[in-house]
Amino acid sequence: HDRGTENACNEKYKYNYGYRDPNANFRTILAYDCVRGQCDNNAGGSCTRIQRYSNPNVRWGPSNLPVGSAESDNVKRLNKVIAKVAGFYKHAGNNLDESKKVEEGEDSSPTNRPSEEPVQKPTEGCSDTPLEFYFYNNKLMDCGTIQEDSSLCSNQDIQSVCPKTCKTCNSQIANLDPKLTFKFYHDVKHKTVKKSCSMIANYPEVRCKFDGISETCRATCKDYR
């Protein structure tokens with residue numbers, strides 16, 4: 001998504017948003033069509049999607065316009081997780097340096113097929129929630145945000161929801177439900193909703209099966225995984 005569509009123009013900690021040109025000349029991958037009156041103050045009207053991830057260091061078109069900003073920089077986010085994702089599978093194919101990051105403006109080609117077994121399997125029984133959650137003056141965050149500001153791991157709810165990042169996997173806290181509200185896709189209502197683990201506990205046999213819930217409300221969902 002983009003900041004205007006999400007009404008997240010004042011979001012302090014996150015930058016993994018698509019980008020919409022202020023004059024509605026274009027939008028990047030993940031950004032929605034340009035709409036007047038939203039918080040990013042774009043000109044509105046239909047804006048063409050270009051095949052680029054938001055990146056303030058790359059320019060596009062005859063006017064040489066940047067395709068991102070410091071607040072909308074998907075490439076920065078991709079580079080932060082590229083080594084972790086690449087490490088799940090054996091390298092197959094074309095002798096690319098596994099440590100190489102996405103270069104500015106450079107396309108990278110995927111391997112022809114993944115290997116049958118991961119090179120590095122995720123730690124059993126310990127994973128960060130894949131969901132976004134509200135914290136710190138009701139700001140929307142994820143565990144990637146916590147990686148960038150480890151001081152937030154001093155909070156018990158953050159230790160619970162991001163145990164791998166906060167290195168609390170061997171603590172009882174990792175098995176507790178966080179007292180946070182989070183966003184997830186409701187498979188029954190077919191839309192994104194906001195709920196806490198106490199609300200998941202009302203219908204755990206259904207809600208614990210929604211993507212990301214069992215990794216977030218571990219105490220509530222322990223018998224429904």
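We now turn to the structure provided with this report. Everything quoted here is computed from the prediction, not taken from an experiment. (Residues numbered from 1 in each chain as written. Predicted model: local features only at pLDDT ≥ 70, side-chain atom pairs only at ≥ 80, totals over all residues. Heavy atoms only, no water.)

**Description of the environment of K194**
- Residue position: K194 is located in strand β8 (residues 191-196).
- Residue classification places K194 among the exposed positions, given a relative accessible area of 51%.
- Separated by 12 residues in sequence, K194 and F182 have C-alpha atoms that sit 5.4 Å apart.
- Apart from the residues within four sequence positions on either side, K194 is in contact with Y134, T181, F182 and K183. (Helix = DSSP H or I, 4+ residues; strand = E, 2+ residues; numbered from the N terminus. Buried < 20%, exposed > 50% of the residue type's maximum accessible area, 1.4 Å probe, protein only. Contact = heavy atoms within 4.5 Å.)

**A look at the pattern of salt bridges**
- Using the criterion set out here, one finds 4 salt bridges in the structure.
- For R20, the salt bridge identified is with D2, shortest N-O distance 3.2 Å. With R20 in the loop between α1 (3-6) and β1 (26-27) and D2 in the segment before α1, the pair connects residues that are 18 residues apart, well separated along the chain.
- The exposure class assigned to R20 is buried, which follows from its relative accessible area of 5%.
- Note on D2: relative accessible area 1%, which makes it buried.
- The shortest N-O distance in the salt bridge between R20 and D40 comes to 3.0 Å. Of the two residues, R20 is situated in the loop between α1 and β1 and D40 in the loop between β1 and β2 (48-49); the sequence distance between them amounts to 20 residues. (Salt bridge = Lys/Arg side-chain N within 4 Å of Asp/Glu carboxyl O.)

**A closer look at the state of the cysteines**
- If you walk through the whole model with that rule in mind, you get 7 disulfides.
- The partner cysteine of C9 in its disulfide is C39, sulfur to sulfur 2.0 Å. Of note, the bridge from C9 to C39 carries an S-S torsion of about 80° and is right-handed in sense. Here C39 lies in the loop between β1 and β2 and C9 lies in the loop between α1 and β1, a separation of 30 residues in the sequence. (Disulfide = S-S within 2.5 Å.)

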